[in-house]
Amino acid sequence: MNSLRKSLSGVVAFLFALAMMLGAQTLHAQTTYSDNGSLLTTSPKFRRTGTGNPPTTLGGSASALYFYHLYEFDVTVATEGVWAFRSNSTTGSFDNFTILYQTTFNPASPLTNVVIAADDLSNSLGIAQNRYSGFNKALTAGHYIFVTTSFFDVTADSTHEGAFANTITSPPPPAAKFNRPEAGVPPTTLSATATNVSYVIERTVTISAANAGYYRYVDDAVGFDNFTVVYDGAFNSASPLTNVIAANDDLGDTATSGFNSIRLRSGHTYTFVVTGKTNTDYGNQSATLTLLPGPIFNRPNEGMPPTTLSTTGTAVPYKIFTNGGDTDTWTPTSAEAGLYKFTSISTDWDNFTVLYDGVFNPASPPTNAVIANDDLRGSRISGFTYNFIAGHTYTFVVTGYSNISYGVSTDTLERIQRTTLNGDLNGTSPLYNRTNEGTPPTAINTSEKVRYQVMRLIVTVPGTYEIVADSSVLPGMDSFLSVCSGTFNPLAPLTNVLAAADDYVYNDYARSGGMQINLEAGTYLLVAAGFNNAALGAYVMTVTGPASVGLSLLQETEVLKGNLTYSATQTMGAHLYTFTFRPTSGNGNDIIATANVAATVNGVAAYSVNSNNVIPGTNYNVLLSGGNVLKSLANVTIPQSGASTFNFTLLPGDINQDNSIDFGDLSTMLQVYNALFDDPLYSAASDLNGDGGIDFGDLSLMLQNYNAFGNEFP
């Protein structure tokens, strides 16, 4: 199993949801009466009742009066049953109240003939509860009066008057009924009370391969307590448990039922049945079926393993990455076991990945979890590397960082190889001014020098590699990584550098320098450095990619040595010199090495050049430069073992390093003449003999070599 991919589309979800919204249906035909009106200061007033079924007391204080409006209607034997009464306040400040009377209504005796009275009624219509009143009531044949009044009396502010829209819905005639299942996934028993409940087949849906996945199904009822049942295949009212896969009652409130998440598989035909909670629950309803980006759960936090649940992703959609078809898990064989990298790349949302060694239970997200990762490389790339064991069953879960994080993602599981080598930055490691971050970096951090160590990387298989100077082995260590092609020059760190990076989330630790980088077959140099001068300690260089690589620590060996003879016989100051090796064959890059030369007596000093890039058996032109001397050229052949020997003769006085000793250098020296080492004007470059002062001795050395020119490469 080299590469597995699966895509999830939130865009498809919305488009498919539109196709699945089939409009409102009704369990059975029935009649709805409308009554729109307003309570005004000219409306009649009375002392209304309190709430109750029926109410037994009056509302408000003994002197409170309320405006009211009447609607009268008759119930026949044919329309006996449960009627639905709803009053919607259409004036934002009006708080309505509803009462039903039978036979007659006497405002002077409000408790006479009263049947039921109600104030606030919950709803799923987006209407504030204090502006929505009503009730369901079983009525026998007779004359009825529906009274619309207010919760507040006429002495209150504008909440006691306003416009309203009332509906009164008769019960449906007898219809298809069955003994519904109890709630469950799947249900296993039939209801002992809802044995003769009305139902309607709300829809039948056949799922295509493109639309397979997790769905949200919501049924909104009007005036009754609904109930939803789903069948994988045909529905048989005589055998309600056959083919049933799920049944649910309330989804937020009694007038809404359905499922926040239910999985529908490709090629299956599903039947959605809407029924009532009890034998007397029926009425108008409408439903929507929406393809989700995944089911919903409370995801774990990051960790290896994760142990706590997120307070941000408390109801976040998720999907299970599958190994083809409907298989939710992967069990590697002995041939397939090994190191793998799982990567989820999102389009425009913040993704999150979790790996389970065993079964994934969304009701207990930390159980069996071995890795959870948020940002692998930025907020849109998540994943992990894991060594899979033959015979273990693994589950890959892709989710979002927060409850609104979902959309299209490309998920990849690929087998990889990992190569490691231990390294150490200590007080004897060389110093240099590292680069800033970048691909490639364009600037050098000149604020301080840092310790560094170089490793050679040999790549034989091109591809994307993850390279990390892993500081997690020592939490106080903060590493920085650079990748160079060809050679590395600590005096010119931007030369040949391909990329440089600081913090990289690796091994659950963000103080490792690392990156993802595409490499062709060839040889590279990895420079592990400290983020700052205080960053010292052990690290592990880790290279992960499509194939194993060669990784070795570059040990600098002596390649060139000899004496430096100056034109003066007195003491000369210590200097750092640069030696540039250029193959005389013209094949290959310049190789830079440096050497610190101590102060000398009688104008002679020994030098030694170490390098890990100079190739034994190769003939080089070597150009010495630096300090305040003219450039000097040598031709040497590096032996197969040991160092080549060459003695350089050096002419001091090139203060401005233009490879000539002339008026420019003399002018520079005269500007700081007579300055001592503790003088702000003092310049080490003009102190040719290194005695701590710029005086006649330095001027004499310059005049001895005046008008001389240095060497250059041929």
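Let us look at the structure shown here. (Residues numbered from 1 in each chain as written. Predicted model: local features only at pLDDT ≥ 70, side-chain atom pairs only at ≥ 80, totals over all residues. Heavy atoms only, no water.)

### Topic: the nonpolar core
How we decide: What makes a nonpolar core is a set of buried Ala, Val, Leu, Ile, Met, Phe, Trp, Tyr and Cys residues whose side-chain atoms join them at distances within 4.5 Å. The buried label applies to any residue whose accessible area, calculated with a 1.4 Å probe on protein chains only, is under 20% of its type's maximum; exposed applies above 50%, and partly exposed to all values in between. For helices the rule is a DSSP run of H or I covering at least 4 residues; for strands it is a run of E covering at least 2, with both sets numbered from the N terminus onward. A contact between two residues is defined here by any heavy atoms of the two lying within 4.5 Å.
In terms of nonpolar packing, the biggest core is built from 25 residues, with Leu457, Tyr465, Ile467, Leu519, Leu526, Met541 and Val543 touching the most fellow members. Of all the secondary structure elements, the ones that give two or more residues to this core are strand E31 (450-459), strand E32 (463-470), strand E33 (479-485), strand E34 (497-501), strand E36 (509-519), strand E37 (522-530) and strand E38 (537-545). Excluding residues that lie within four positions of it along the chain, Met541 makes contacts with Thr419, Thr420, Leu421, Met455, Ile467, Val468, Ala469, Leu481, Leu526, Ala528 and Leu551.

### Thoughts on the layout of surface pockets
Rules: Two kinds of site are reported from a 1 Å grid over the protein atoms alone, namely cavities, where a 1.4 Å probe fits but cannot get out, and pockets, open sets with protein on both sides within 12 Å along at least five of seven lines, and residues are called lining when an atom falls within 4 Å of a point. Grid points are joined across faces, edges and corners, and a volume is the space filled by probe spheres set on the points. Three residue categories are used. Nonpolar comprises Ala, Val, Leu, Ile, Met, Phe, Trp, Tyr, Cys and Pro, charged comprises Asp, Glu, Lys and Arg, and polar comprises the others, including Gly.
Of the voids in this model, the largest pocket is the one considered here, and its volume is about 830 Å³. Pro430, Tyr452, Pro490, Glu556 and Thr594 are the residues nearest the centre of the largest pocket, which is lined by 32 residues in total. Among the secondary structure elements, those contributing two or more residues to the lining of the largest pocket are strand E30 (431-432), E31, strand E42 (591-597) and strand E43 (604-611). Considering each element in turn, the lining of the largest pocket owes the most residues, five residues, to E42. Tallied by class, the residues present in the lining of the largest pocket amount to 18 nonpolar, 12 polar and two charged.

### Re the environment of Gly693
Along the chain, the position of Gly693 falls in the loop between helix H2 (663-671) and helix H3 (696-704). According to the relative accessible area criterion, Gly693 is buried, its value standing at 5%. The spacing of Gly693 and Tyr682 is 11 residues in sequence and 7.6 Å in space, taken between C-alpha atoms. Once residues lying within four places of it in the same chain are set aside, the contact partners of Gly693 are Ala675, Leu676, Tyr682, Asp687 and Asp698.

### Side note on the sheet that holds strand E27 (residues 394-400)
Basically, it comes down to this: Any two strands are treated as partners once DSSP identifies two or more bridges connecting them.
Taken in spatial order, the five strands of this open sheet run E21-E22-E27-E24-E25, and their pairing is antiparallel. Every interior strand has two partners, whereas the edge strands, strand E21 (296-297) and strand E25 (369-373), have only one. Judged from the four bridges that link them, strand E22 (residues 316-321) and E27 form a sheet pairing that is antiparallel. Bridge assignment links Lys319 to a residue of E27, and that residue is Val398.

### A closer look at the sheet that holds strand E17 (residues 244-248)
Overall, antiparallel pairing links the five strands, which are arranged E13-E14-E19-E16-E17 in an open sheet. A strand with exactly one partner marks an edge of an open sheet, and here the two such strands are strand E13 (177-178) and E17. Relative to strand E19 (residues 269-276), strand E16 (residues 226-232) runs antiparallel, the two sharing seven bridges. Bridged to Asn226 within E19 is Gly276.

### Things to note about the side chain of Asn621
We apply this condition: Identification of polar contacts relies on pairs of N or O atoms within 3.5 Å, with a donor-acceptor requirement for protein atoms, meaning one able to donate a hydrogen and the other able to accept it, and with residues adjacent in sequence counted only if both atoms are side-chain atoms.
Tracing the sequence through the fold places Asn621 in strand E44 (residues 619-626). A polar contact is formed between the side chain of Asn621 and the side chain of Asn635, at a distance of 3.0 Å. Apart from residues lying up to four places away in sequence, Asn621 is in contact with Thr580, Phe581, Arg582, Thr584, Leu633, Ala634, Asn635, Phe713 and Pro714.

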